[in-house]
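Fold and contact review
Each chain is listed here by its residues.
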Protein chains: 2
Amino acid sequence: MPLAARQEHLLNELRRSNGELSGQDLHARLRQGPHPMGLATVYRHLRQLQQLGLVRCRHLPSGEALYAPVERDEHHLTCVDCGSTTTLESCPVHGAHLSPAQLGGFKPLFHTLEFFGLCDACQQRQQAW
Amino acid sequence: MPLAARQEHLLNELRRSNGELSGQDLHARLRQGPHPMGLATVYRHLRQLQQLGLVRCRHLPSGEALYAPVERDEHHLTCVDCGSTTTLESCPVHGAHLSPAQLGGFKPLFHTLEFFGLCDACQQRQQAW
DNA sequence: GTTGATTTTGAGAATGGTTCTTGGTTGAAG
DNA sequence: CTTCAACCAAGAACCATTCTCAAAATCAAC
């Protein structure tokens, strides 16, 4: 079953981007390209691509969801104060292996490993009152 | 600096609970206890407790945020189809070690490691069409 | 090609968790 | 008794995401 053309475009746009994109971002970018797509359709396809194991997603503390191709195994440091995130160079988990017993029939597609804490700037600001 | 009494109550309610609680859950529980608290206040304190490193939080695919005391190092398998989550017994990362160079002044308070995929039931359902 | 059924789409409305606003309450200090 | 500041609650506001549903596209037979 080949990927629908619409989904293909969406996935290409994600791959073309350097960073992660939110649903709104994607919609805005596609809007001014040769293949505009309604917001509802963007979200519909993002969900499907995620279930196909082609797209990963993580949630910011703000509640916004960011999407990226699965093959990007990036992880982040996120500040619980200002919300800024920085990307880690390497994945500390790498091949995190779960035993079949732990999985119990679950078929893993991707994982998210995020560290939350205080960024340098916010620590300084707190100490200075 | 001692914790304000209101924050203490909120934290106790979280510790008393077996599982994670959403902001709404907490508000509902406190409502019928001896120390009711407005919804806005619950969220205010949850954010503060998070910044103090006493509370952790993770986001479900639905966008809902779940809170727990930091000392609980639980991680989950989450189905990208039906959204159900199951708890892992042990933390595969354990002491996830980040070098000072990787941290760059960032002060980690907690981490979340979540696996996303398809649960047994949803795989079956997909195959059956 | 035409017809009719099925699927996909998109504009706008609805949803719902979270945050903001506003005005009231409390409590300590003077 | 004032004053001032901190804290709080109720409801409005916000906004990313989802839902609705009619129109458009696709497909399948004829």
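For the structure, check the block above.
Residues numbered from 1 in each chain as written. Chains lettered and ligands numbered in written order. Predicted model: local features only at pLDDT ≥ 70, side-chain atom pairs only at ≥ 80, totals over all residues. Heavy atoms only, no water.

1. A word on the sheet that holds strand β3 (residues 65-69) of chain A
Strand-to-strand pairing in sheets goes through backbone hydrogen bonds, with the strands running parallel or antiparallel. All names here are of chain A. Strand order in the open sheet made by the 3 strands is β1-β3-β2, with antiparallel pairing throughout. The sheet terminates laterally at β1 (21-22) and β2 (55-59), the two strands that pair on one side only. For β2 and β3, the ladder comprises 5 bridges, and the chain directions are antiparallel. In the sheet register, His59 faces β3, and the bridge partner there is Ala65. Running over the sheet, helix α3 (residues 39-51) touches β2 and β3 and is turned about 110° from β2. (Pairing = 2+ DSSP bridges. Helix = DSSP H or I, 4+ residues; strand = E, 2+ residues; numbered from the N terminus. Contact = heavy atoms within 4.5 Å. Axes fitted to C-alpha atoms, helices over the stretch in contact; angles between N-to-C directions.)

2. Re the side chain of Ser17 of chain A
Residues and elements named next belong to chain A. Mapped onto the secondary structure, Ser17 falls in the loop between α1 (5-16) and β1. Taking relative accessible area as the criterion, Ser17 reaches 5% and is therefore assigned buried. At a separation of 2.9 Å, a polar atom in the side chain of Ser17 contacts the main-chain carbonyl oxygen of Gly19. When sequence neighbours within four positions are dropped, the list of residues in contact with Ser17 reads Arg29 and Arg72. (Buried < 20%, exposed > 50% of the residue type's maximum accessible area, 1.4 Å probe, protein only. Polar contact = N/O pair within 3.5 Å; in protein donor to acceptor, adjacent residues only side chain to side chain.)

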